Every structure is written in C-alpha cells, then in structure tokens.
Amino acid sequence: MSRSTKLFETYKLGPITLANRLVMAPLTRNRAVPGTFVPGALAADYYGQRASAGLLITEASQVSQQGQGYQDTPGIYSKDQVAGWRKVTDRVHERGGKIFIQLWHVGRISHVDLQANGAAPVAPSAIRAKGKTFVNGTFADVSEPRALELSEIPTIIDDFKRATKNALEAGFDGVEIHGANGYLLDQFAKDGANKRNDAYGGSIENRARLMLEVSKAVATEAGADRTGIRISPVTPANDISDSNPQALFDHIVDGLSALKLVYLHVVEGATGGPRDFAPFNYASLRKRFTGAYIANNGYDFDLATKVLNANAADLIAFGKPFISNPDLVERLKTGAALNDWDKNTFYGGGAKGYTDYPTLAAEPAE
C-alpha cells in the first residue's frame, strides 16, 4: 500500500525537478582514499543506491587541505578528486537522481596532523574548541588554532570558488555551502568563537560577512539557482555559541535571500540532538528567504508530513535513516519497517555498514 503525502510529490528546485521532497542530508563517512582524499569506487555504489531521494547532498568535502578536519574525508580541490566525484555523479544520474556536493572548510575543528607541514588550523580567533576530531584512526582533541590574517581571507573565498568550479566539472547539479555545525563560516558568524576587532569581527554585519561573501562567490560561479547553504542557528556542535542567534541569523538570511540562493538548509535545534535545544523562531527565516526551505534534524514520516502540510518547509532532510536504508523513500512510501543503523560503522572502514544495508527488494518475503 502506498501512502499519499506531499513528501512524495515532485518539486522544482531552480532549474532541476526533484522526484520527491526527501533530501539525503550530508553525512560524513570517512572513506576517501587516504593521502589523496579521492572518493573511492564504493562511494559511487553508496550514492547510487540512494539515488531515489529527491536530492542527495554529499558528505562535506574540503575546499583545500587547510579545510580538512577529519581523517579520510574527500576533497574537491585536485584533478583526481574531481575525477573520483565524476564517477559518483555519473552513477547517480544514470539512476535518475540529483546530487549537490557540500563544500566545507572546518576552520579550528582540525588537527596539526591533517595540516600541511603540521601547521596550526586556522580560525577567526585563536580560541581552541573543546572538542574531538577523528585522526590517525582515533578520536583526539582538536589542535590550538591561529587567527587568520585579514590578508588571508580572500584566499579562503577563492578556495570555495575554485571548489565550486571543480564541482561543476565533476557533474554535480549544484553545491551546498557548509555554514553550519561550528565550522569555519559558523565560527566567523558566532561571537563565541569570533573575537576579532577588524572588518570581520564585532558587529553582526561584520561577523556575517565571510558567510555572505563566500555565498556570493559560489553563486557567481555556479549560478544562484544551483547554490544552497546549510546553517544551524542554535546548535552547540563543536563548541560553538552565539549571544543573540535570532538577530544574527535573521540578518544572514536576509543577505542570502538577496543573493537569490536556491535553498536554505536549516538544522533545527542541536545537531543530532534535541530539536527544542534553545528557543529560536525558524518561521522568521522561512518568511525572509525567497528560495526553498529544507528542514533538518530528527524528522520522521509523521513530522515531515505535518511540517509540509503546514507549509513550514518545502523539503525535508533525513540523515541517519538514509545510512541504513538505501531505499528510504520506498520504505516510507509503503510504511515498511526501517533497518537499524550500526553506529560502529559510521566513520571509516569499507563496505560493511556503508553499501551492504539491504533493500526491500533484497529481503526474503516472510
């Protein structure tokens, strides 16, 4: 029996038509080829298996070596990485899917062992985050960062621009800027991490500047109608905080809307945690933003249906359920049981817990 709901309706996202309103959220899996950070053959299988989602957003991919914060995450800054991603996009497109790549720079959430010549990670201010990263096969404290010089900021923007050019060359339908979860753009925006007293610090306008400048550069390269961004106004992830998130993100979203970005992808509440972590008016962002609103964090079929029916979002992102259910769309449509995920295989490893979760079609009838 098929369940009829807005979740399974097509949706026009800029120049592309999505088969349904389910989005596969970006999910870090740490399975790129060590040393080259090229997505391997298994990545094409993994994304290809999930191509029935209306939109796939890849795991976060660093725009430069400096932007890497975890072991074996893929990049989008070398020719080999572009070629590796091309195999992924080809597979997804063969299966009728649409796929955006998420571009990130982790800023201070990194480790000297991942940086060129063991350099310190970079950040808006030299404040070490209380947090861990995955490096050398284990979880380790993040390293002490150094504050970026004003003269280095244009290079960061250029890295995002070049990554966008590479993404289009690799066949992606668009790009998502990672402005969430306590990584570099979020670090600049929020006053818990940004103590600068130059053009990128102090006022809300100054702190929002880097996120908006990167967004403008990416949209200029890809087209605004193929550029989305992910934000997380109140998440405490990676030791991030802000004293006035509503005013900050109302301002940021006004700026993003003026750039005519195709979507705003919002982590509502604490990433992977409670949705009501801190008071925040997400409807304010929805109202200010002219493009599509993707709601994320703790959604299941019932909540997704309720939010779409209330017109509080256009698309719904699912994360962990997509890890263990390559055919999540079909399972939700038919009301079938979901496979449980195995946390032990989230990060690193091979096919186990990555491409070996069964589909309904592969399961024996009762």
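For the structure, check the block above.
All values derive from a computational prediction rather than experimental measurement.

A. Examining unusual backbone geometry more closely. The phi dihedral of Asn297 falls on the positive side, at around 115°, and the residue is not glycine. Residue Asn297 is classed as buried on the basis of its relative accessible area, which comes to 7%. Look at Asn311: it is not a glycine, yet its phi comes out positive at around 60°. Locating Asn311 in the fold gives a position in the loop between α8 (301-309) and β14 (315-318). On the basis of relative accessible area, Asn311 is assigned to the partly exposed category, the value being 46%.

B. Representation of helix α3 (residues 153-169) in the model. Its 17 residues give α3 an end-to-end C-alpha distance of 25 Å, which sits within 8% of 24 Å, the value for a rise of 1.5 Å per residue. At its buried positions, α3 is contacted by α2 (79-94), β5 (99-104), β10 (174-178), α4 (184-189) and α5 (204-222). Among the residues trailing α3, Gly171 stands out with phi positive, at a value near 90°.

C. Examining the sheet that holds β10 more closely. In spatial order, the strands read β3-β4-β5-β10-β11-β12-β13-β14; together these 8 strands close into a barrel with parallel pairing. Strand-to-strand twist in this sheet, taken as the mean axis angle between neighbours without regard to direction, amounts to 25°. Summarising the sheet, β5 and β10 pair through 4 bridges and their orientation is parallel. Following the sheet pairing, Ile101 is matched in β10 by Val175.

D. Spatial organisation of the pairing of strand β12 (residues 263-267). For β12, the buried fraction is high: 5 of the 5 residues fall into the buried class. Alternating positions in β12 separate into two faces, Tyr263, His265 and Val267 on one and Leu264 and Val266 on the other, with burial throughout. In this structure, strand β11 (residues 227-231) lies alongside β12, joined through 4 bridges in parallel fashion. What sits directly across from Arg230, in β12, is His265.

E. Structural detail: the side chain of Asp242. Looking at the secondary structure, you find Asp242 in the loop between β11 and α6 (245-258). Asp242 sits in the buried class, given a relative accessible area of 17%. Side-chain polar atoms of Asp242 contact the backbone nitrogen of Asp191, separated by 2.8 Å. Among the polar contacts listed, one links the side chain of Asp242 to the backbone nitrogen of Asn244, at a separation of 2.8 Å.

Reading the values: the criteria
- Residues numbered from 1 in each chain as written.
- Predicted model: local features only at pLDDT ≥ 70, side-chain atom pairs only at ≥ 80, totals over all residues.
- Heavy atoms only, no water.
- Buried < 20%, exposed > 50% of the residue type's maximum accessible area, 1.4 Å probe, protein only.
- Helix = DSSP H or I, 4+ residues; strand = E, 2+ residues; numbered from the N terminus.
- Expected span 1.5 Å × (residues − 1).
- Contact = heavy atoms within 4.5 Å.
- Pairing = 2+ DSSP bridges.
- Axes fitted to C-alpha atoms, helices over the stretch in contact; angles between N-to-C directions.
- Polar contact = N/O pair within 3.5 Å; in protein donor to acceptor, adjacent residues only side chain to side chain.

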